[in-house]
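One-letter residues, chain by chain:
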Amino acid sequence: MAKVVNLNKFRKRKAKAEREQRADTNRRLHGRTAAERARDELQKQQLTSKVDGARLDKPKGEPSDEG
């Protein structure tokens, strides 16, 4: 004899598992602490200043130092 399954409970259990999986994905993508965000922003600023300092020519739109 086959086991009787309540389809309503099955549907709700499946929806809950999908919500939990989506929440886990969102936590991994967006769940960073303020300290982690600040550290990443500082690293980005340092890298940008290093790259800009190593430029041989000025980007267009910036005034030149030659008067």
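Residues numbered from 1 in each chain as written. Predicted model: local features only at pLDDT ≥ 70, side-chain atom pairs only at ≥ 80, totals over all residues. Heavy atoms only, no water.

Participant: Looking at this structure, how should I read the overall build of the protein?
Facilitator: Counting its regular elements, the protein contains two helices and zero strands. For the protein, buried positions account for 0% of its 67 residues. Carbon together with sulfur atoms contributes 53% to the accessible area of the protein, which is approximately 7100 Å² in total. (Helix = DSSP H or I, 4+ residues; strand = E, 2+ residues; numbered from the N terminus. Buried < 20%, exposed > 50% of the residue type's maximum accessible area, 1.4 Å probe, protein only. Areas by Shrake-Rupley, 256 points an atom, 1.4 Å probe, with all protein chains shown as cover.)

Participant: I would appreciate a short explanation of helix H1 (residues 7-30) in the present structure.
Facilitator: Because each turn of an α-helix spans 3.6 residues, side chains separated by three or four positions in sequence point in the same direction. Between its terminal C-alpha atoms H1 stretches 34 Å, which fits the 34 Å expected from 24 residues at 1.5 Å a residue. Backbone nitrogen of Asn 8 and a side-chain oxygen of the N-cap are separated by 3.0 Å at the start of H1; the cap is Asn 6. (Expected span 1.5 Å × (residues − 1). Polar contact = N/O pair within 3.5 Å; in protein donor to acceptor, adjacent residues only side chain to side chain.)

Participant: Please clarify how the pattern of salt bridges should be interpreted in this entry.
Facilitator: Between side chains of opposite charge, pairing is possible as soon as their charged atoms come close. As enumerated under the stated definition, the model contains four salt bridges in all. For Asp 24, the salt bridge is made with Arg 28, and the minimal N-O distance between the two is 3.4 Å. Of this pair, Asp 24 and Arg 28 both sit in helix H1, four residues apart, which is roughly one turn of that helix. A residue is classified by how much of its surface remains accessible, and Arg 28, at 68% relative accessible area, is exposed. Measuring nitrogen to oxygen at the nearest pair gives 2.3 Å for the salt bridge that ties Asp 40 to Arg 32. A single salt-bridge network, built from bridges that share partners, covers Asp 24, Arg 27 and Arg 28. (Salt bridge = Lys/Arg side-chain N within 4 Å of Asp/Glu carboxyl O.)

Participant: Would you take a moment to explain a nonpolar patch on the surface for this structure?
Facilitator: Nonpolar side chains collect at one region of the surface, where Val 5, Leu 7 and Phe 10 lie side by side and expose about 330 Å² of accessible area between them. In this fold, Val 5 is placed in the segment before H1. (Patch = residues over 30% accessible without salt bridge, like charges linked within 9 Å, V, L, I, M, F, W, Y side chains within 5 Å.)

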